[in-house]
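Overview (structure and organization)
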Amino acid sequence: MNARILTTLICATAITGCSLEPKYIRPAPAIPLSWPVGDAYLRNSEATLPSVTYKDLFRDPKLLAIIDRALVDNQDVAIALANVAATRAQYRVQRAELLPAVDGSAGITTGDSGGSSTNGSGGRRTSYSADVGISSFEIDLFGRVRSLSKAALQEYLATEAGVRAARLTLVGEVASTYITLATDRSLLAIANDTQASASKSVELTRARLKGGVAPRTDLRQAETVLDQARSDAASLTTQVAQDRNALELLVGGPVADAELPSSIESVDSSFGELPAGLDSRILLRRPDVVEAEYRLRANNARIGAARANFFPRISLTALAGVASTTLSSLFTGGAFSWSVAPAVSVPLFDGGANRGNLAYANAQRELTVAQYKQAVQTAFREVADALARRGTIDRQMQAEIDLEAAAGDSDFLAEARYREGIDPYLTRLDTQRTLYSARRSLASARLLRADNLVTLYRVLGGDQLIDGEPAPTLPAAKVRAGG
């Protein structure tokens, strides 16, 4: 009997080899294979991008230490990891439906039949039982359960890609906030320097006014530069404090003064370089694109489950056990009994629910196809924009450096000519303002160049390393999803 039951279960499992899922074909990305060319782009636009880690790009020891802390303590990453754990558990629950659940039970039943007994015990009757059974195990003849299990697996893989996206975004945000803080400290130093220089000009102009060699307008003009620098210094003091607060939120804890950059100039030379060119298909490794494709695969699998709902469901209930009125004879041969109860349910009328579920599954797949294509197109646009900035930033930087040098020399000469009474103070006022603006523009350009490298790292998908291990790559362009 035991052999017959086992044979029945094996045969039932063996016939579950069909799948009604549509053949999965990755949508062709609606983007060109190469990046735009022109004056805004670097010339080597067909080079191949090697894989780099953030430690290759960000070489400032302080920044690296802060990034490492953030990857451990940041709450966004913790939330993403918790979602992965939850989705993994859901996948395990769904996968368990592919296997029968075997339950065991034992019991004692005592009752009174209401009659009399020759042994003096009245009508009381006691029975013992021990059973092992399978309750309503679905024989997955049309692949419904396997399709749902595959969909759960793809959702789990999508959440893992979401963790990589969260880590990549976090690294980029920490680096951007760090260099923004460095830039604001530089701008604060420039405002303080200008305030000190303008104070001296005000004192000189006031002395010349008292001596009768300068009009009162000169004093008022000098005070405008001083007041502007004072206002900027107060605003930047607030901004530096807010930058630090933002950095501590990303890190997930306080950041000591010794861990902060002193200026953008101190970190400007600590950034590595990324090659400007690459085949645009490399965007398929971006974690948000990977996540979108996994969700597309999940919805493709759900179509198979929705199709299977149109066909009969076969379930199996089996029970094997022993029963006896005396405990001593419970496990004797005559006490054994077994039963197998296959059942078939056929959908006859459901008011269109199955058709509605199939239409919904198809619509969800079309939705995720559009979302996948949109993710690739967005990635292409972001990288193209970053490459356009990268292609011109060096020329802009050199122009800002030359502008600051010219403005500084012009201010030096204007001050000397004003002291000698050759030029009016209005000339000096213009050169002061020009120098102040040029120094601020140069600091902003340094921020722009550094932030562009951070942006390139992020939009290209980063290194995609998690705990030192490479991220999984997507399958080939055409993959058979069903059996």
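Residues numbered from 1 in each chain as written. Predicted model: local features only at pLDDT ≥ 70, side-chain atom pairs only at ≥ 80, totals over all residues. Heavy atoms only, no water.

A look at the overall build of the protein
A count of helical and extended segments in the protein gives 10 helices and 8 strands. In the protein, which comprises 483 residues, the proportion classed as buried is 41%. Looking at the protein as shown, the accessible area adds up to about 25,000 Å², and 56% of this sits on carbon and sulfur atoms. (Helix = DSSP H or I, 4+ residues; strand = E, 2+ residues; numbered from the N terminus. Buried < 20%, exposed > 50% of the residue type's maximum accessible area, 1.4 Å probe, protein only. Areas by Shrake-Rupley, 256 points an atom, 1.4 Å probe, with all protein chains shown as cover.)

Details of a nonpolar patch on the surface
A grouping of Val 344, Val 346, Leu 348 and Phe 349 is seen on the molecular surface, where their side chains present a nonpolar patch of about 530 Å² in accessible area. Mapped onto the secondary structure, Leu 348 falls in the loop between strand 5 (336-345) and helix 9 (353-419). By relative accessible area, which is 80% here, Leu 348 ends up exposed. (Patch = residues over 30% accessible without salt bridge, like charges linked within 9 Å, V, L, I, M, F, W, Y side chains within 5 Å. Salt bridge = Lys/Arg side-chain N within 4 Å of Asp/Glu carboxyl O.)

Some words on the packing of aromatic side chains
Tallied over the full model, the rule gives 3 aromatic pairs. Note on Phe 58 and Phe 271: the rings are 5.9 Å apart at their centroids and 85° apart in plane angle, and the pair reads as edge-to-face. With Phe 58 in the loop between helix 2 (54-57) and helix 3 (61-73) and Phe 271 in the loop between helix 7 (264-268) and helix 8 (287-308), this residue pair connects regions lying 213 residues apart in the sequence. Each member of the pair, Phe 58 as well as Phe 271, carries the same accessibility label: buried. Geometrically, the ring pair formed by Phe 58 and Tyr 457 is edge-to-face, given 5.7 Å between the ring centres and 65° between the ring planes. With Phe 58 in the loop between helix 2 and helix 3 and Tyr 457 in helix 10 (residues 425-459), this pair connects stretches of sequence that are 399 residues apart. In terms of burial, Phe 58 and Tyr 457 fall into one category: buried. (Phe/Tyr/Trp six-rings, centres within 6.5 Å; stacked < 30°, edge-to-face > 60°.)

Regarding helix 5 (residues 144-210)
A turn of α-helix holds 3.6 residues, and therefore any two residues three or four places apart point the same way. Across its 67 residues, helix 5 extends 96 Å between first and last C-alpha, which sits within 8% of the 99 Å expected from 1.5 Å per residue. Once helix 5 finishes, Gly 212 follows within two positions and takes phi at roughly 80°, a positive value. (Expected span 1.5 Å × (residues − 1).)

Some points on the nonpolar core
Tyr 54, Phe 58, Ile 67, Val 174, Leu 247 and Phe 271 are the most contacted members of the largest nonpolar core, which totals 40 residues. For this core, the elements supplying multiple residues, two or more each, are helix 2, helix 3, helix 5, helix 6 (216-251), helix 7 and helix 10. Counting residues per element, this core draws most heavily on helix 5, which supplies 13 residues. Core analysis: the second largest hydrophobic core is formed by 15 residues, Val 289, Ala 292, Val 376 and Leu 387 among them. (Core = buried A, V, L, I, M, F, W, Y, C linked by side-chain atoms within 4.5 Å.)

Limitation: the analysis is restricted to geometry and does not speak to function.
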